Amino acid sequence: MRFIEEILSDIRKGENIKIYLTILASSLISFLGFTKVATPEQLDSSILAILTVILFFLLQNRKSESSLVRVDKIFSKYAPNEFQGSVPQAGKVIIWAVSLSKVMSSWEAEFSKALKGGAELEFLLAKQNSSALKMAALTLSPQTSEDAENQKLRSSLKRLAQIAHSQDKLHRVSVRELDYLPPWGVLAINPDSSSGFMQVSLRTYETETTERLSFKLSAKKDEYWFKFIMDRYDSAWKKAEEVPLEELLK
């Protein structure tokens, strides 16, 4: 009875109709052959027709499977260096992260060139001495301490302030902090332009930064999801507190 109920449920939902029709036709041919109502020639033709239908269904299923996009064509390992060369020529750069320790250690020259070219830099980071920073310490691999992450954050902010001050560009750098651990890290180049693009890396438990799942979005080709990420960023930015870089130079 349960088997029949499942069949009736599928039919009501419009699912697997082709399979049930094929089974029905096969059963009918078997019945006609058993009762000798149909001639052998008629049965052979009917069997060939059913086999043709089955092959057609198999071909359709194969095409459906081949149309699926492999996940490794969407995701890749986090590779911010791919964007490194775009920073000096950018008009605006946005980084949404926990701290800037890894970025500042390898991107100082790029930030300096970008500021020299008149770029605007925005950084949305975790709030110092916050629960977000404590949680971030737990997600890193190898795990670190909240104190260590606070120290890294302060050091990277101070270094950023020094770079901007050396070029008299403090007014071109905006930093805000928020007690929130985002599910991703975002690096966006010219996000307000139709030629903008970004890399998004997903934050997962005990995962090294370079091993995180990442994907790239184009403002033109991936308009909906690009805007989705930027809307989340804008909402968080409005609620975040400004970090006065001038005070870090004292």
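The following refers to the structure shown. Since this is a predicted model, take the numbers as computed values, not measurements. (Residues numbered from 1 in each chain as written. Predicted model: local features only at pLDDT ≥ 70, side-chain atom pairs only at ≥ 80, totals over all residues. Heavy atoms only, no water.)

## As for the nonpolar core
Judged by nonpolar contacts, the single largest core of 35 residues is most densely connected at I95, F111, F123, V173 and V175. Elements represented by at least two residues in this core include exactly β2 (92-96), α5 (101-116), β3 (120-126), α6 (131-139), α7 (146-166), β4 (173-178) and β5 (184-189). Excluding residues within four positions of it along the chain, I95 makes contact with L100, V103, F111, E122, F123, L124, V186 and L187. Core analysis: the second largest hydrophobic core is formed by 19 residues, L124, V186, A188 and L217 among them. (Core = buried A, V, L, I, M, F, W, Y, C linked by side-chain atoms within 4.5 Å. Buried < 20%, exposed > 50% of the residue type's maximum accessible area, 1.4 Å probe, protein only. Helix = DSSP H or I, 4+ residues; strand = E, 2+ residues; numbered from the N terminus. Contact = heavy atoms within 4.5 Å.)

## Observations regarding empty space enclosed by the protein
All told, the structure shown has one cavity of 30 Å³ or more when counted by the stated rule. Approximately 30 Å³ is the volume attributed to the largest cavity. Along its surface, the largest cavity is lined by W96, A97, L124, L125, A126, L178, Y180 and P182. Residue contributions to the lining of the largest cavity peak at three residues, all from β3. Looking at the lining of the largest cavity residue by residue, the class counts come to eight nonpolar, no polar and no charged. (1 Å grid on protein atoms, 1.4 Å probe; cavity = no way out; pocket = protein on both sides within 12 Å on 5 of 7 lines; lining within 4 Å. Points joined across faces, edges and corners; volume = space filled by probe spheres on them. Nonpolar A, V, L, I, M, F, W, Y, C, P; charged D, E, K, R; others polar.)

## What about the packing of α6 against α7?
Where α6 contacts α7, the axes come no closer than 8 Å and their chain directions differ by 110 degrees. Classified by the interaxial angle, the pair formed by α6 and α7 is roughly perpendicular. Here α6 contributes L133, K134 and A137 to the contact with α7, which in turn contributes E146, E149, N150 and L153. The residue inventory of the contact of α6 with α7, partitioned by class, reads three nonpolar, one polar and three charged. (Axes fitted to C-alpha atoms, helices over the stretch in contact; angles between N-to-C directions. Parallel < 35°, antiparallel > 145°, perpendicular 65-115°, else oblique.)

## Observations concerning the pattern of salt bridges
The final tally for this structure, using the stated rule, is six salt bridges. One salt bridge connects D192 with K92, and the closest N-O pair in it is separated by 3.3 Å. Of this pair, D192 sits in the loop between β5 and β6 (197-202) while K92 sits in strand β2, placing them 100 residues apart in sequence. For K92, a relative accessible area of 15% corresponds to the buried category. A salt bridge links E108 to R159, with the nearest nitrogen and oxygen atoms 3.0 Å apart. Of this pair, E108 sits in helix α5 while R159 is found in helix α7, placing the two residues 51 residues apart along the sequence. Accessibility expressed as a relative area gives 32% for R159, which makes it partly exposed. Look at the salt bridges and you will find they share partners, linking K92, E122 and D192 into a network. (Salt bridge = Lys/Arg side-chain N within 4 Å of Asp/Glu carboxyl O.)

## Observations regarding unusual backbone geometry
Phi is positive for N129, which is not a glycine, with a value near 55 degrees. Note that N129 resides in the loop between β3 and α6. Backbone geometry at N190 places phi at a positive 50 degrees, although glycine is not the residue there. The residue N190 is located in the loop between β5 and β6 in this model. By relative accessible area, N190 is classed as partly exposed at 22%.

## Observations regarding the environment of N129
Classification of N129 as exposed rests on a relative accessible area of 57%. In the structure, N129 is positioned 18 residues away from D147 in sequence and 8.1 Å away in space, judged by C-alpha atoms. Every residue in contact with N129, bar those within four places of it in the chain, is listed here: E146, N150 and R154.

## Focus: the pairing of β2
Here β2 lies mainly inside the structure; five of its five residues are buried. Of the two faces of β2, the one lined by K92, I94 and W96 and the one lined by V93 and I95 are each fully buried. As paired elements, β2 and β3 share five bridges and run parallel to each other. Note on β3: the bridge partner recorded for V93 is L121. Crossover handedness for the path β2 to α5 to β3: right-handed. Two elements, β2 and β5, share four bridges in a ladder whose sense is antiparallel. Looking at the pairing, I94 lines up with A188 of β5. (Pairing = 2+ DSSP bridges. Right-handed = clockwise from strand over helix to strand, strands pointing away.)

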